[in-house]
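# Overview (structure and organization)
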Amino acid sequence: MFWRGVSHGRATRFVVCSLLAASTLVAGSTLGVRSSEAAVRRSGAPAAGPTDAAAERPVAGESAADTLGRLTWALMATRLAAVAAFVVALVLLRRLRRQTATIRHQLESEKALADQFHELFANASDMVYTLDLDGRLTSLNKAGEDLIGRSISEHGGLSMVDLVAPASLESAGRMLLHVVHGGVPVKGELELRARRGTRAIVEVTERLIHRDGRPVGVQGIARDVTARRRVEDELRRAREAAEAANRSKSEFLANMSHEIRTPMNGIVGMTELTLDTRVTPEQREYLVTVKSCAESLLRLLDDVLDLSRIEAGKLELQPVDFGLRDALQPILRVFEPRAARSGLRFECTVAPEVPERLVGDPARLRQVLVNLLGNAVKFTPQGRVQLEVTLVSAGDKGAQVRFSVLDTGIGIPVDKQVAVFDPFSQADPSTNVRFGGTGLGLSISSRLVTMMGGQLEVESEPGKGSRFSFTAGFGPSAATAQAAGETGPDEHAPDAPAPPNSMPLRILLAEDNAVNQRLTERLLEKRGHKVIVVGDGEQAIAAVDRERFDLVLMDVQMPGINGYDATAAIRVLEQGTGRRTPIVAITAHAISGDRERCIEAGMDAYISKPVRAYELYAAIETLARRRTSAARVDTGLRAETARAPVDEPRPPAVIVPPGPH
C-alpha cells in the first residue's frame with residue numbers, strides 16, 4: 001500500500017540509496033574486521049572494531065578470541081541485513097516495473113480510445129457537435145460542416161441561432177433550456193440552414209456534459225432526415241392522389257350505374273308490361289329474349305359494382321334474423337325448371353339438425369348460391385345438380401353451416417382450380433365462347449364467403465364433375481317464429497311472385513324520367529292504386545304540403561332538389577302534425593352506403609332500379625301493413641279516451657305516428 005502512494009522518481013531513488021547503503025555497510029564491516037584481526041596477531045591483544053563503540057575500551061578480563069567472535073557475529077548480522085535490503089530492493093523494483101507497465105498500458109488504452117473517439121467524431125455520418133451553456137458551438141465534426149456548408153475553424157463563434165432556420169428557432173431554444181435546466185436528454189426535430197441556401201430537416205438528440213460534477217456544455221447528434229421526409233411527403237401525396245382516384249372511381253361507378261340502370265329500367269319494365277298484354281307466340285319469344293338479355297346486362301353491372309366495392313373495402317354484410325329454408329325457396333323455384341329444361345335432375349337436401357332460423361346476410365348468401373348453382377347448371381350437359389346443406393357445429397354463439405353444390409358437368413383441371421377464383425378468369429378461355437360469362441362470379445363469391453368467415457373450396461375432375469363447398473358462420477336467432485319473407489326485398493334473389501294487394505292507395509311518384517314515370521305509373525295502376533306524378537323534388541314538397549298521400553315513391557337523383565333534400569323537407573313539414581307519410585327511395589346508384597343514406601334522410605324503404613314489379617309491390621304492401629297497424633293503435637287509444645268519465649282526470653292522448661318504431 002505504501003508503494004502505491006510513492007511516485008515513480010521517489011521509488012527509484014529509494015531503491016538506489018538502499019543498495020548503496022547496504023554496499024557501504026558491508027564494505028566497512030569487512031575492512032574493520034580484517035584490521036582488528038591483523039592487530040591482534042601483531043600485539044596479541046584485541047583490537048577495536050568499527051562495529052561497536054564499546055570495543056575501544058576493552059573489558060577487563062576479555063580475551064582476544066572473545067572479541068573476535070563478537071565481531072564475527074556482528075559481521076554476519078550486517079551481511080544478513082544487506083541481503084535483506086537487497087531482496088526488498090529487488091521486490092520493489094519488480095513491482096515498480098509491473099506498475100510502470102500497467103500505467104503505460106492504461107495510457108495507451110486511453111490514447112486508443114481517444115483516437116477512436118476522434119475518428120468516430122470526424123468520420124460519423126451524422127452531425128456531432130458540442131455547445132457551451134450559452135448555445136455557442138465549441139466543436140463540430142466533418143459531417144456537420146458538410147451539412148451546414150461552414151467550418152467552425154473558419155467561422156468562429158457560431159451559435160445555434162446561426163444554424164437553425166427561423167421556423168425552428170423557438171424549438172431549438174426550448175430544447176437547449178430543457179437540457180441545461182432539466183439535466184435529461186431531449187429529442188426533437190429541427191430545420192437547419194444548410195449549404196447553398198437550402199434547408200435540411202434533422203432529428204436531434206442533446207444531453208448535458210458534466211465535468212467535476214458541474215455542467216460545462218451540451219453534446220448533440222443530428223441526423224439528416226430530409227430525404228426520408230421527402231419520401232414520406234411523396235408517399236402521402238401519392239396516397240391522397242390514390243384516395244382521390246378511388247373517390248373518382250366510386251363517383252364514376254355511381255354515375256354509370258345510374259345512367260345504365262335508368263334506361264334498363266324502362267327496357268325491362270316495358271317488356272314485362274308488354275308480356276302481360278295479348279301478344280302472339282312469336283312476339284312473346286322476342287320479348288322474353290329482350291328481357292333475358294337486359295337481365296344479363298344488369299347482372300354483369302351488379303358483378304362489376306360488387307367487385308369494386310369489395311376491392312375498396314366498402315362492401316359490408318348486413319346481418320338480420322331470417323329463416324334459412326325460406327331463403328332457399330326462391331332459389332329452388334328458379335333452378336328446378338331451368339335444370340328440367342336442360343334435362344338435368346335437380347336436388348336439394350337440408351339436414352334436419354340445421355337450425356330453422358339464423359342471423360346472417362341472406363341476400364349475400366343467396367348471391368353465392370345462385371352463382372354456384374348457375375355455373376353448375378350451365379356447365380353440366382347431362383346428369384344432375386345437387387345442393388346440400390349440413391350442420392358443422394352449433395352452440396350458444398351461433399352455428400356453422402356447410403353448403404355444397406355438386407354437379408356431373410365438364411369438370412375443372414387441377415392446374416386451373418386456383419385460377420377460377422381470380423377476377424375475369426375461367427378454366428378454359430374457350431368456355432367463354434361456348435357458355436358465356438365474364439369470370440367474375442366465383443371471384444366475388446369467394447370473397448363474400450371469406451367475409452362470412454369461411455373459405456370457398458373446389459374438388460373437381462375433368463369429365464366427372466365438380467363440388468364447390470363452403471362453411472358460413474351465423475349468429476343465434478332471437479326469434480322463435482316469424483312469417484316467411486320478412487327479410488325484405490333482395491336484388492340478388494331470383495324473381496318471386498308478387499304479394500297479394502291489400503287496398504288501393506293514393507301514391508305520389510316523384511320521378512324525372514318520362515319512361516320511368518310511365519312504367520311505374522302503369523305498374524301501380526295495375527294494382528288499383530291512384531298515382532300523382534311530379535317531375536322533381538320541389539314539386540314533391542309542394543304536393544305533400546298541399547294534400548295527403550298514403551305513400552311517396554321518391555327518385556333519389558332528380559334535377560334541382562334531389563330526393564334526399566326533398567325527403568328532409570317533407571319531414572320538417574310533418575313536424576307537429578302527428579303524421580308521417582311513408583317514403584320509398586327509388587335509386588339507380590345501387591352503391592354501398594346508398595341504403596344507409598336513404599334511411600338517415602328519413603326514408604322508410606329502399607329499392608334499386610330497374611324496378612321489378614314484385615319488389616315494388618312487396619315494399620308498398622309492407623309499409624301499408626305497418627301504416628294500418630299504427631292506425632289501429634291510434635284508433636284504440638282514441639276509443640279508450642272517449643270512454644273515460646268526464647269528471648275523472650285523463651292522461652293526454654297518445655298519437656302513434658305511422659311508420660317503423
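Just so you know, these numbers come straight off a predicted model, no measurement behind them.

## Let's talk about the overall build of the protein
Looking only at helices and strands, the protein features 16 helices and 17 strands. Residue pairs in contact within the protein that sit at least 24 positions apart in sequence constitute 65% of those at least 6 positions apart. Accessible surface, the protein as shown: approximately 36800 Å² in total, 56% of it carbon and sulfur.

## Description of the pattern of salt bridges
Between side chains of opposite charge, a pair can form as their charged atoms come close. The tally for this structure, following the rule as stated, stands at 26 salt bridges. As a salt-bridge pair, Arg506 and Glu547 come within 2.0 Å of each other at their nearest N and O atoms. Placement of the pair is Arg506 in strand E13 (residues 506-510) and Glu547 in the loop between helix H13 (537-546) and strand E15 (551-555), with a sequence separation of 41 residues. Salt bridges linked by common partners bring Glu189, Glu203, Arg228, Arg229 and Glu232 together as one network.

## Considering H13
Along an α-helix, residues three or four positions apart point the same way, because every turn accommodates 3.6 residues. Where H13 is concerned, the buried positions are Gly537, Ala540, Ile541, Ala543 and Val544. With its buried residues spanning 165 degrees around the axis, H13 presents them on a single face. Every exposed residue of H13 that faces more than 90 degrees away from the buried side is listed here: Glu538, Asp545 and Arg546. Lining the buried residues of H13 we find E13, strand E14 (530-534), E15 and helix H14 (563-574). Where H13 begins, the side chain of Asp536 points an oxygen toward the backbone nitrogen of Glu538, at a separation of 3.2 Å.

## A word on the side chain of Ser168
Mapped onto the fold, Ser168 is located in the loop between helix H4 (160-163) and helix H5 (169-182). Those residues within four positions of Ser168 in sequence are excluded, and the remaining contacts are Leu190 and Glu191.

## Regarding the nonpolar core
By size, the foremost hydrophobic cluster in this structure holds 46 residues, and its most contacted members are Leu365, Phe403 and Phe470. Residue assignment for this core shows that the elements contributing at least two residues are helix H7 (281-311), helix H8 (324-341), strand E7 (344-350), helix H9 (362-378), strand E9 (383-395), strand E10 (398-407), helix H11 (441-451) and strand E12 (465-476). Looking at this core, the element that brings in the most residues is H8, giving 8 residues. The residues contacting Leu365, other than those within four sequence positions of it, are Phe322, Leu324, Phe403, Met452, Phe470 and Phe474. Counting 26 residues, the second-largest nonpolar core is a separate cluster that includes Met160, Leu163, Val186 and Leu190.

## Digging into the pairing of E14
Two strands pair when backbone bridges link them, and E13 and E14 are joined in this way by 5 bridges, in the parallel orientation. Each residue of the ladder has a partner; that of Ala510, found in E14, is Val534. Handedness of the crossover joining E13 and E14 through helix H12 (residues 514-526) is recorded here as right-handed.

## Description of the pairing of E10
Each regular strand shows side chains that alternate between the opposite faces of the sheet. In terms of residue burial, E10 counts as a mostly covered element, since 8 of its 10 residues are buried. Linking two consecutive strands that pair antiparallel, namely E9 and E10, is a turn of 2 residues. Pairing between E10 and E12: 9 bridges, direction antiparallel. Across the sheet, Val405 pairs through a bridge with Phe468, a residue of E12.

## Side note on the packing of H7 against H11
Contact geometry for H7 and H11: axes closest at 10 Å, N-to-C directions at 40 degrees. When the axes of H7 and H11 are compared, the pair comes out oblique. Crossing hand, H7 versus H11: left-handed. Facing H7, whose interface residues are Asp303, Asp306, Leu307, Ile310 and Glu311, H11 presents Ser443, Ile444, Arg447 and Leu448. In terms of residue class, the contact of H7 with H11 is made up of 4 nonpolar, 1 polar and 4 charged.

Procedures and definitions
Residues numbered from 1 in each chain as written. Predicted model: local features only at pLDDT ≥ 70, side-chain atom pairs only at ≥ 80, totals over all residues. Heavy atoms only, no water. Helix = DSSP H or I, 4+ residues; strand = E, 2+ residues; numbered from the N terminus. Contact = heavy atoms within 4.5 Å. Areas by Shrake-Rupley, 256 points an atom, 1.4 Å probe, with all protein chains shown as cover. Salt bridge = Lys/Arg side-chain N within 4 Å of Asp/Glu carboxyl O. Buried < 20%, exposed > 50% of the residue type's maximum accessible area, 1.4 Å probe, protein only. Arc of directions from axis to C-beta. Polar contact = N/O pair within 3.5 Å; in protein donor to acceptor, adjacent residues only side chain to side chain. Core = buried A, V, L, I, M, F, W, Y, C linked by side-chain atoms within 4.5 Å. Pairing = 2+ DSSP bridges. Right-handed = clockwise from strand over helix to strand, strands pointing away. Axes fitted to C-alpha atoms, helices over the stretch in contact; angles between N-to-C directions. Parallel < 35°, antiparallel > 145°, perpendicular 65-115°, else oblique. Left-handed = near helix turned anticlockwise from the far one by under 90°. Nonpolar A, V, L, I, M, F, W, Y, C, P; charged D, E, K, R; others polar.

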